[in-house]
Amino acid sequence: MKRFRRHGQESHRDRIKQELYGFNKTVEHGFPHQPSALVFSPSLQLLAIGTRSGAIKLYGAPGVEFMGLHDENAAVTQVHFLPQQVDLVTLLDDNSLHMWTLRAHHGVSELLETGRFTLTGPPGAPPSVTRVTAVLTHSSGDMLFLGTEGGHVFVVEVPGFRELEERNISLENVTNSLPEDYGGRRILEHVESLQENPVNPRQVLIGYGRGIMVIWDLERHSAVKHIPATQQLESVWWTEDGGHVLSSHSDGSYCRWMVAGEGTQSEPEKSEVPYGEGASCSSLPPFLFLSGGMPRASYGDRHCISVIHSKTHVALDFTSRIIDFFVIRDGPDHIGDPSALVVLVEEELVVIDLQTEGWPVIQTPYLVPLHCSAITCSHHVSAIPLKMWERVLSAGALQNTHYSKKPWPITGGQNLSPDAPQVKVTFLWLLILTNVHEDGTVRFWDASGVCLYPMYKLSTAGVFLTDAEPNEPNMNQCTEGEWPPFRKVGCFDPYSDDPRLGIQKIHLCKYSGYLTVAGTAGQILVLELNDEAAEQTVEATVADLLQGQESFRWKGHTRLEVREEPVTFPPGFQPFSLVQCQPPAVVTALTLHSEWKLVTFGTSHGFGLYDYQQKSNVLVRCTLNPSDQLAMEGPLSRVKSIKKSLRQSFRRIRRSRVSLRKHHVNSAAKVQEANARLEAELAEMELAPVQRKIEARSSDDSFTGLVRTLYFADTFLSDSSHHTPSLWAGTNGGSVFAYQLRLPPVERRSEDPVYANPAKEIQLMHRAPVVGIVVLDGHGSPLPEPLEVAHDLARSADMQGCHQLLVISEEQFKVFTLPKVSAKMKLKLTAIDGSRVRRVGVAWFGSSRSEDYGESGLTVLTNQGDLHVVSLPGVKLQVQYPCIRREDVSGIASCVFTKHGQGFYLISPSEFERFSLSTCCVVEPRSLVEVPSQTPGTTLPRAQPDGPSVAHRYTPKISARHVMEHALLNDESE
């Protein structure tokens, strides 16, 4: 009978687990890492991006997103939509073709792979015969034309991928059609471009690498026109009236050819070198777009697209390599005037408004480069009060006045994802994800939906004097009248003025509007949200964490110098107080208690408590062990010497950016190589300890005094009758320090000092690093956040029952009773599977069946990349899910949990993967894309260039790599 009852209890618990917990990777936020292909469907109004990792991503209206991943570990080199259909074709660098479709299922569309195909040549033929270099999706929607490295054009029926051998265009047939006097019928080389005649679908233009272009009649199966360009061909564009072809070449020129009639045209109508000697911009069509074409001798490192319209000529200068671009047209059939230029570069997507004077940038609602400066840490705040939300948005709006007012021009699909639910009139389930960066900026993002939308940017650099030279000339802008007419666009800028500005820790109080950030050089700033600009001086208070110990000598970087003169801060978060740790080591822990007006911080040398209302230190405690000499070396690492040398290499690369331009050296490869070396060393450093058995660590281990976690609690320390404010600190050596805080009455708070008295000290037996501390009230619930009860958003902590202290180390979860601090229970995680805790958070898991039921739990990420949920207060393992590869050390280190069972981690320098452990708190794209109505005669050719194969080629001297012309029919300028 007992056995039956126990089985019934376990079954009931299993049902509860199913209602509370469920793991899903839901959406990827940010910009795709290493994009390699771009295409736009005017009929679907969808944008597609392929990446070097084999991913294919589709975007439409904000919130409309789809993602697919090829099974093959190969880069996507080209993407093409089939006209007037919801299908697209991808070409990989392993020469395979893949068919994808958007298929409706339960009211939403899904991106599915429906077929794959690889060209096969005749027996004994070299691979170049079938190596695809150009793809054309015919306007009929049922044929693909595949140009190859060997100069042949194969025709394939879609969607079945059946080769139509009778329609193939062999190199021999094209060669035989050439005039006898054309260079002895020299080798044509590969097929560079395939273009369909926009007014006659029976004709296809074949552009060969050596320059010659042939117009082929599909019905007559013969050439009807030859265009004998003599320079290496880069790209081709057929004007929409079908009367002219534009070609760009490796010498930086572009030519305009008349293609009416048959035969051979010996000379182009017009041939120009826009950035050569004697370049002229007269008699141009309404818009001309050129990618590249800059003289390598002077501007070899520039990534430019030139836009020429009437007498206006601008060279848009991007900070990373151009992958591809297209133009969006006005009108219901998308055949009107150009309205927006969309450019995909290696690190961001930039959209230019072509209808507003000055051609401003349109702010992107997605694909925003999170990594515009390297991300150093992230912080998540949920359930933002509406008033604070609006104030942050208002401050951000003042920073975005340079953007165009035009709405987002890509509008495909329907976003069916529900909005963030409104719980109370003054309280929304809106989420802020703050990324802090190496350049000292903090960026706030709206993470309440599928799109990670930028809200506000805070810069802390203005408080300090940095290594930047303010009078250094800007290499990205040219003075008035200078040629070429450069204009810098985009926000990606990975170069930091001073690496000491990098923010390492952040804490935001969503109720009071106080924010604290801490950096690489031991600086802790306290800021307050202000709706008006203010001029003020920020004075520093020094916290000497060594407390006069003569035996230690700091060998790391110097601290940042604070500006002595007043600084004007714009509306938003404004700094009013600064603590400077001495030595100026990296801040490793930070916590803010806005109700008590206190900030606590920790480094590898100790921790301190600061009263930001009175701007004075309350407590400074040194935690250094006599053997902690490495803590005086500067950067925090067990492989410090390797990381230090790599950091110095990075800085040299950054500082030599301008000189590298002058000497034409590409630093990207060096940075990539250094990153790879650093990641390998970090992986080795992190993974080695996994294999050890659980055994007591020596007190001689390095960094035992490093502070890992800090925690404020109102609990019982001296006796079980009186609860008092307290501060708890956990170190890398398994020590926990508790201090009893004595706060003056509210009416005397600004005059009387705050006192901190040592109360408890715990030393864990195995000396494992303490990564988290939580106090549980009499009901076994975690204590509420500061001011949460005052805003009627949480119930008061139970002060009648016994409180418990939960200490989370890398190896175990241990519960102590308070105030006696006697061990009550524990869960040994490392003893189970050898895992170590890397990230931990407290979350509330609501039931998917009952709105009235939920449980608190710990969300845990281990160094194996596994996610766990541990129950509270019982400290029992509930569920376990694999999430991140154990080799992905940076992904594990970047993970941040939310208060409602979700999380984020970096899957690349520019992308967050979002996941959920909760069944009732899931944010994922739900979109529907319908098949467009068939409109005969409105099929448009794809914007040039024809795939990224052109963009990947580095041509000698100067090259107009892509050229695109939008000419109106019967234009008077012709």
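Summarised in this report is the structure supplied together with it. (Residues numbered from 1 in each chain as written. Predicted model: local features only at pLDDT ≥ 70, side-chain atom pairs only at ≥ 80, totals over all residues. Heavy atoms only, no water.)

**Comments concerning the overall build of the protein**
The criterion, for reference: Strands are runs of DSSP state E lasting at least two residues, helices are runs of H or I lasting at least four, and both sets are numbered from the N terminus onward. The classification of residues rests on relative accessible area computed with a 1.4 Å probe and restricted to protein chains. Under 20% of the type maximum is buried, over 50% is exposed, and intermediate values are partly exposed. Residues are treated as being in contact if the distance between any of their heavy atoms lies within 4.5 Å. We get accessible surface area from the Shrake-Rupley algorithm with a probe of 1.4 Å; when it comes to residues, only the shown protein chains can shield them.
Within the protein, the regular secondary structure consists of nine helices and 67 strands. For the protein, with 974 residues in total, the buried portion stands at 58%. In the protein, 60% of the contacts between residues at least 6 apart in sequence involve partners at least 24 apart. For the protein, the computed accessible surface area is about 40800 Å², with 49% contributed by carbon and sulfur atoms.

**Side note on the sheet that holds strand S55 (residues 770-776)**
Test applied: DSSP-based pairing: two strands are paired if at least 2 bridges between them are found. Fitted lines through C-alpha atoms give the axes, limited to the stretch in contact for helices. The angle between two N-to-C directions lies from 0 to 180 degrees.
One open sheet accounts for four strands, arranged S55-S56-S57-S58; its pairing is antiparallel. The open sheet has two edge strands with one neighbour each: S55 and strand S58 (822-828). For this sheet, the mean inter-axis angle between neighbouring strands, taken without regard to orientation, is 20 degrees. In this sheet, S58 lies alongside strand S57 (residues 812-817) in antiparallel orientation, the contact comprising six bridges.

**Quick notes on the sheet that holds strand S11 (residues 143-148)**
Ordered by their spatial adjacency, four strands build an open sheet running S10-S11-S12-S13, and the pairing between neighbours is antiparallel. With partners counted over all chains shown, the strands left at the sheet margins are strand S10 (132-137) and strand S13 (162-163), one partner each. Sheet analysis places S11 next to strand S12 (residues 153-157), joined by five bridges and oriented antiparallel. By the bridge assignment for S12, Leu146 is matched with Phe154.

**A word on the pattern of salt bridges**
Short version of the rule: Basic side-chain nitrogens of Lys or Arg form a salt bridge, by our definition, when they fall within 4 Å of a carboxyl oxygen of Asp or Glu.
Following the criterion strictly, the structure yields 23 salt bridges and no others. Measuring nitrogen to oxygen at the nearest pair gives 3.2 Å for the salt bridge that ties Glu240 to Arg329. Placement of Glu240 in the loop between strand S18 (233-238) and strand S19 (244-249) and of Arg329 in strand S26 (residues 322-329) is noted, with a sequence separation of 89 residues between them. Across the pair Asp353 and Lys406 runs a salt bridge whose closest N-O atoms are separated by 3.8 Å. With a gap of 53 residues between them, Asp353 in strand S28 (residues 348-353) and Lys406 in the loop between helix H4 (386-399) and strand S31 (414-415) connect regions that are remote in the sequence. If you follow the salt bridges from partner to partner, you end up with Asp71, Glu72, Glu113 and Arg116 in one network.

**Here's the deal with the side chain of Gln804**
You can see Gln804 is positioned in strand S56 (residues 804-809). Excluding its chain neighbours within four sequence positions, the residues that come into contact with Gln804 are Val774, Val775, Leu776, Val815, Phe816, Leu818, Lys824 and Pro873.

**Points about the environment of Pro268**
Summarising the element assignment, Pro268 is placed in the loop between strand S21 (263-264) and strand S22 (270-272). Once you skip the residues sitting within four places of it in the chain, Pro268 turns out to touch Cys255, Arg256 and Trp257.

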